[in-house]
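Okay, here's what each chain looks like letter by letter:
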Amino acid sequence: SYRFTAGSDDGVRVYVDGALVIDRWVDRGFSTDSVDLTLAAGDHEVVMEYYEQFGAARASLGWAALP
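Note that residues are indexed from 1 along each chain, following the sequence as it is written. Restriction of local features to residues with pLDDT of at least 70 applies here, the model being predicted, together with a cutoff of 80 or more for giving and counting side-chain atom pairs; totals for whole chains, interfaces and linings are based on all residues. Computation of side-chain values covers all heavy atoms of the structure but excludes hydrogens and water.

1. Some thoughts on the packing of aromatic side chains
Only rings of Phe, Tyr and Trp enter the pairing, Trp through its six-membered ring, and a pair is recorded when the two centres are within 6.5 Å. The plane angle decides the type: under 30 degrees is stacked, over 60 is edge-to-face, the rest tilted. One pass over the full model with this rule turns up two aromatic pairs. Sitting above the plane of the Trp25 ring, Arg13 keeps its charged end 4.2 Å from the centroid. Only lysine NZ and arginine CZ atoms are considered, and such an atom sits over a ring when it is within 6 Å of the ring centre and within 35 degrees of the ring normal. Seen from the ring of Phe30, Arg58 lies directly overhead, with NZ or CZ sitting 3.7 Å from the centre.

Here's what the structure looks like:
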C-alpha cells in the first residue's frame, strides 16, 4: 500500500494506471490532498495534471510506502 500526496495552487488531478485518484480541479490557494492505494507488484503509470489560474504557481507530487 502507498500514500500518494499532491499539492497545488490551483487545480490538480492524479491518475494511477489510468484511474483518477485525486481530483481537485478548482481555483484555490496551496493545499494538499492524499489517497491510500494498494498496488500489485510491478510497474505502474503515475500522471499528474496541473493548472495555474492566477498568482503564485506551485505544485508537488509524492508517494511513500505505508507500514
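2. Considerations on unusual backbone geometry
Even without being glycine, Asp17 reaches a positive phi, approximately 55°. Summarising the element assignment, Asp17 is placed in the loop between β2 (11-16) and β3 (19-24). Residue classification places Asp17 among the partly exposed positions, given a relative accessible area of 43%. Per the convention used, a helix needs a DSSP run of H or I reaching at least four residues, while a strand needs a run of E reaching at least two, with both numbered from the N terminus. Burial status follows relative accessibility: with a 1.4 Å probe on protein chains alone, a residue under 20% of its type maximum counts as buried, one over 50% as exposed, and anything between as partly exposed.

3. Focus on the sheet that holds β3
Within a sheet, adjacent strands bond to each other through the backbone by hydrogen bonds, running parallel or antiparallel. A pair of strands is treated as paired once DSSP finds two or more bridges between them. Taken in spatial order, the three strands line up as β3-β2-β5 in an open sheet, and their pairing is antiparallel. Each having just a single partner strand, β3 and β5 (46-51) make up the two edges of the open sheet. Across the sheet, the mean angle separating the axes of adjacent strands is 15° when strand polarity is ignored. Pairing geometry for β2 and β5, over six bridges, is antiparallel. Residue pairing across strands places Val14 opposite Met48, the latter belonging to β5. An axis is simply a line fitted to the C-alpha atoms; with a helix, the fit covers only the stretch in contact. Between two such axes, the angle follows the N-to-C directions and lies from 0 to 180 degrees.

4. A short note on the nonpolar core
Phe4, Ala6, Val12, Val14, Val16, Ile22, Val35 and Leu37 together form the largest nonpolar core, which totals eight residues. At the level of elements, β1 (2-9), β2 and β4 (31-37) are the ones that each hand at least two residues to this core. Ranked by the residues each element gives to this core, the list is headed by β2, at three residues. Beyond its immediate stretch of four places on either side in the chain, Val12 contacts Ala6, Ile22, Asp23, Arg24, Trp25, Arg28, Met48 and Glu49. In these notes, a set of buried Ala, Val, Leu, Ile, Met, Phe, Trp, Tyr and Cys residues joined through side-chain atoms within 4.5 Å is what counts as a nonpolar core. Two residues qualify as a contact provided that any one of their heavy atoms is within 4.5 Å of a heavy atom in the partner residue.

5. Side note on the side chain of Arg28
Tracing the backbone through its elements, the reader meets Arg28 in the loop between β3 and β4. Two N or O atoms form a polar contact when they lie within 3.5 Å of each other; inside protein one atom must be a possible hydrogen donor and the other a possible acceptor, and for residues adjacent in sequence the pair counts only when both atoms belong to side chains. At a separation of 2.9 Å, a polar atom in the side chain of Arg28 contacts the side chain of Asp33.

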